[in-house]
Amino acid sequence: MKVSRRKAAAVLGVAAALILSACSGSGSAEVTPASAAGAPRSGGSLTYLDYQVPYSFNFINLSYWQNQPIDNSVLDRLVFQDPGTAKLYPWIAQSWDKSKDGLTYTFVIRKGVTYSDGTVLDAGNVKKNLEFQAFGDGKGNIRNAYFPAVESVSADDATSTVTVRLKQPNSYFLATLSYQTAGLVSTKYFSLSYKEQGKGTNLLGSGPFVITENSPTETKIVRREGYNWAPPVLKHQGEAYLNSVTFVPVVEDSVRLGTLESGQADVIHYIQPSEQAKAQQKGLQIITQRFLDGTQTSLAFGTSSGYLSDINVRKAIALAVDRDKLVKTIYAPGYLPATGLLRSGAPDFVASPDVKTYDPAAAGKLLEQSGWVLPPGSEVRQNSAGQKLTIKALIDVYNVTSPALYQYLQIALKAIGIDLELKQVDYSDYPQAAKNPDLSGFKLLTLNRDAAYNLARDALSTYGDYFQLKDKDPELASAAKSIISGNLDPAQQHEEIVKLQAGLINHYYLTPLVDIPQVFVAQPSVHGFSQIRSSPWLYNTWLSK
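Residues numbered from 1 in each chain as written. Predicted model: local features only at pLDDT ≥ 70, side-chain atom pairs only at ≥ 80, totals over all residues. Heavy atoms only, no water.

Draft legend 1. Summary view of the overall build of the chain. Scanning the chain from N- to C-terminus turns up 16 helices and 23 strands. Since a compact globule built from 545 residues should have a radius of gyration of about 24 Å, the 24 Å found for the chain is in line with a globular shape. Expressed as lengths along the three principal axes of its C-alpha atoms, the size of the chain is roughly 75 × 60 × 40 Å. The buried share of the chain, reckoned over its 545 residues, is 55%. Partitioning the contacts of the chain with sequence separation of at least 6, the portion at a separation of at least 24 is 71%. A gap of 3 Å separates the mean positions of the 51 positive and 49 negative side-chain charges of the chain. (Helix = DSSP H or I, 4+ residues; strand = E, 2+ residues; numbered from the N terminus. Rg over C-alpha atoms; globule rule 2.2 N^0.38 Å. Buried < 20%, exposed > 50% of the residue type's maximum accessible area, 1.4 Å probe, protein only. Contact = heavy atoms within 4.5 Å. Lys, Arg positive; Asp, Glu negative; His and termini not counted. Charge placed at Lys NZ, Arg CZ, Asp CG, Glu CD.)

Put into structure tokens, the structure is as follows:
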């Protein structure tokens, strides 16, 4: 089947019509992976409906969910991370060496690779890319926030090598090179203005697809002829299977699903858990993706935010949530009660059975110890000054199940006398609203890549300081610094990661709630729907009709 402007327009037309007739339902379903139907076949065009409009394709925006399936298909990276094992493998860098002090990395660049504009990907070009990542430019591109501090980058085209000198060791530098935001682009890209760089058709990568059309209502990628430099570890080599993919943003959940059910789309991102069973009954696939090296979704506390500075309040909140009931009430198969901070099966996962403890009576006693009592006839606790135990929160917009989750938490906390006051804004207003200090103490935390590294960054004031600790916990800060730049051997690194997990959970800087996968729904003709760095990668995807 060939996707054309006519079909893309039809998708939007069906979506518009469904807005008027959309309805919701309930139920549950067994989650199934993308099916297999013999050997992959080449050809066909796929229509993918996402839940948000893509941002511009400036590098600072490449990590947004709605951009990732597109830039994943266009940009190759120096390093490939296996989503099933989290192990690192060569890609455009065919090999690398690291100095004993952890400061110098030398990469041997794969030969024979070209960009979609016909230019050669060589050591000199990689140097420009790494300098762009490390230092930004004067056009509005800031340095890649995930990159370590870089002293210098040099290249030798004669030996096809690039050498990076860091200012201090960074244990996750190689993993960072596998991110979407470290994708490689043609040298021509750097000569463009910031505005021109943001146009999808100017994202000139060496990947298996090329962006040919880009607008707020449609982005189209087509297969690149002659592509032959996939990660060597993969079974699939050579060109992508699909002729093209058309991405259409459809914000309404029910409309997105209805468009798929009508046959006007092949894959959609996100479905309400209550709709999964009905989708399967209609012959559609439910596809879940989990990136192994991520976290289970946790409730994170800002320890400088009002009443949440009291560990008794934070612990009481953790004890008030029945995680098993939470999953059964608002989720579906494929969603799991939290068993720890990192994803189960991750190399550094530590099981934390206590995170599932549900004891509202004990929660009430902790609040009473901190002076919070329930006046006769009141549902909200007060302190001796007559102040109510009210906590304000901004509903997260990055997962469609967030409103139901926050409402469940609101009910659970009300049962122990805490008033959770919720505020909701739309997707575009969320980044600014999230800066409000009154709303920064009670929020969700889900990390989908290099979980330990990013948790360590979140724990330090020099990075995210997500828990508002301001380095007041020296033991936690020490573990976090060691994880990021300790130049440790694997056993030592694991030991520090275990300390970090224990510190975050035992001090109730966060409390794990539920393991939430990325959920997609697809036609039965879709196969090989895979992921790279926690988001879809369409290189392996094919259609059986």
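Draft legend 2. Spatial organisation of empty space enclosed by the protein. The full count for this structure, using the stated rule, is 1 cavity of 30 Å³ or more. What the largest cavity holds in volume is close to 40 Å³. Lining the largest cavity, in full, are Tyr 48, Asp 50, Gln 52, Pro 54, Gln 66, Ile 70, Phe 247, Val 248 and Pro 249. Looking at the lining of the largest cavity, the elements that each hand over two or more residues are β1 (45-50) and β10 (244-249). Split into classes, the residues belonging to the lining of the largest cavity amount to 6 nonpolar, 2 polar and 1 charged. (1 Å grid on protein atoms, 1.4 Å probe; cavity = no way out; pocket = protein on both sides within 12 Å on 5 of 7 lines; lining within 4 Å. Points joined across faces, edges and corners; volume = space filled by probe spheres on them. Nonpolar A, V, L, I, M, F, W, Y, C, P; charged D, E, K, R; others polar.)

Draft legend 3. Inspection of the pairing of strand β4 (residues 93-98) at higher detail. Across 5 bridges, β4 lies against strand β5 (residues 104-109) in antiparallel orientation. Within β5, the residue paired with Lys 98 across the bridge is Tyr 105. (Pairing = 2+ DSSP bridges.)

Draft legend 4. Inspection of the nonpolar core at higher detail. The biggest cluster of nonpolar side chains holds 63 residues, and the ones touching the most others in it are Leu 78 and Leu 203. The biggest single contributor to this core is helix α3 (residues 123-135), with 5 residues. Sequence-distant contacts of Leu 203, defined by excluding residues within four places in its chain, comprise Phe 57, Phe 59, Leu 62, Asp 71, Val 74, Leu 75, Val 185, Tyr 189 and Ile 211. In terms of nonpolar packing, the next biggest core, distinct from the first, is built from 50 residues, Val 327, Tyr 335, Leu 367 and Trp 372 among them. (Core = buried A, V, L, I, M, F, W, Y, C linked by side-chain atoms within 4.5 Å.)

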